[in-house]
Amino acid sequence: MEKIVIERKPEILRGYWTDTNNKLIWKTYFGQTVKFHIVTRNIANGSILKLQVYENGGVKDTRIGSEKSVTVNENKAILDFYIRRDWESLIQSGADTFDATIELYVAAKYNDGNSVKLANTKATWLNVTLAIYIYLTFDDGIGLGTEDVLNILQETGVNATFFLTGSNSTTDKRQELLKRIYENHAIGNHSYYHASYPKGARADYGKYYKGGGVMVRGKLVSVIEDFKENEKEFTLWIKEFDPTYSKLFMMAKNQTKALARLPGTNTWRTPQRSSTKITHRKTIELAGINFPGEIPQADSKEEADEINQYGYSIFGWDEEWKMSSSESESSVRRRLFSMPPVSTEFTPAQIVYWQTRPIVLLMHDRQFLGERGGQLKTFINTLKKNEGIFFDTLDNYVM
Ligand SMILES: [Zn+2]
């Protein structure tokens, strides 16, 4: 008797988008990771599907990223897909900011079969919209307020970047707090002496940047030496709780880029941004009248270039939560989004309209010591209520 073999035709049936928790979605934001699920029929376990994500362009569709391979298991396959922030440039110029989106679908292929378009109708596209990324940065720790800030970040589930200064890090809790920063946040180098010696002496930025550095026990420590000293100290401290630590620069556990911030100056050296700010202006007196800030004392150009060439990206800031004026939380928020002061609450679409660029916010650990931490908590919680606002660490900065 002849055995009858029934040929079962392999098929790719359908696909759908979810978030990382497998919840169905049709909308997301640049900078987010999503999943694309594929359902097949008669395709053996372990088989490979080739996938290509496309942007629906109306007339002509554009490939997004490279072709990916996924493995079929029980007639299902999943693609993890990170939507890069620099794909924002695909938004057609002239698009209304309120609905500046791109639409994604997937083409899937098995063996030499035809490519099957999945989730490619208007109702099933993934709409990707502009998001606002806020980078909270805390300078001059580890010291007063660091623990309060860490507790608030933990409670609100937000990650931040800490620009640390060795000479300030004398608290008994240094190791415990450094470990928390190392495991959950990003670390930046903010120099060991911060243009000031002995500790507590007034920082002289003019001398620091154009006078060759900071005088320590009769010896001039240059700016780059000051940053290397900080790196050396923090590396030793990190190795106390993580003996396997082998990074070349001072960095947190999962950090891949070295970050630095120059003391006392809003200077940038990143692949996206480069600028140097005059660091210190001196008052001049003319005919008995003081003209504040007339003479540029020093800029940090050479020092910034040197530290950048050594391997650090240098970050300044877009806005500062000022320490001196005990600024209120709501005024910082209004200033960040350049909002007209007619109302304090805005819809997500309005916020996107007012501000679509990433925001680096400068703060200091010590301003949130004790009760004052409540302001930081309110700030984070209020922004988190808005769709499309995300907090991230500076090693993920994309402009
Ligand atoms: Zn500082």
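Parameters at a glance
Residues numbered from 1 in each chain as written. Predicted model: local features only at pLDDT ≥ 70, side-chain atom pairs only at ≥ 80, totals over all residues. Domains from an automatic or database assignment. Buried ≥ 20, exposed ≤ 12 C-beta atoms within 10 Å, placed from the backbone. Helix = DSSP H or I, 4+ residues; strand = E, 2+ residues; numbered from the N terminus. Contact = placed C-beta atoms within 7 Å. Axes fitted to C-alpha atoms, helices over the stretch in contact; angles between N-to-C directions. Parallel < 35°, antiparallel > 145°, perpendicular 65-115°, else oblique. Left-handed = near helix turned anticlockwise from the far one by under 90°. Arc of directions from axis to C-beta.

Remarks on the domain arrangement of the protein chain
Point 1. Domain boundaries assigned for the protein chain yield domain 1 (11-130) and domain 2 (133-273 + 300-396).
Point 2. On a C-alpha basis, the centroid separation for the pair domain 1 and domain 2 is 36 Å.

Topic: helix H1 (residues 146-156)
Point 1. Among the residues of H1, those classed as buried are Thr146, Glu147, Asp148, Val149, Leu150, Ile152 and Leu153.
Point 2. Contacts made by the buried residues of H1 are with strand S10 (132-141), helix H2 (174-184) and helix H8 (373-384).
Point 3. Looking at the residues trailing H1, positive phi occurs at Gly157, about 70°.

Some points on the packing of helix H6 (residues 329-336) against H8
Point 1. Contact geometry for H6 and H8: axes closest at 9 Å, N-to-C directions at 40°. In terms of orientation, H6 and H8 fall into the oblique class. Regarding H6 and H8, the two cross each other, and that crossing is right-handed. Between H6 and H8, the contacting residues are Glu329, Val332 and Arg333 on the first element and Gln375, Thr378, Phe379 and Thr382 on the second.

Structural notes on the environment of Ile142
Point 1. Within the element layout of this structure, Ile142 appears in the loop between S10 and H1.
Point 2. For Ile142, a count of 28 C-beta atoms within 10 Å gives the class buried.
Point 3. Between the alpha carbons of Ile142 and Thr171 there is a distance of 7.3 Å; along the sequence they are 29 residues apart.

So, helix H5 (residues 301-310)
Point 1. All buried positions along H5 are accounted for by Glu303, Ala304 and Ile307. The buried residues of H5 occupy an angular sector of 100° when projected down its axis, which confines them to one face.
Point 2. Where H5 is buried, its residues meet helix H3 (205-210), helix H4 (223-241), strand S15 (259-260), strand S16 (268-269) and strand S20 (313-314).
Point 3. Looking one or two residues beyond H5, the residue adopting positive phi is Gly311, at roughly 140°.

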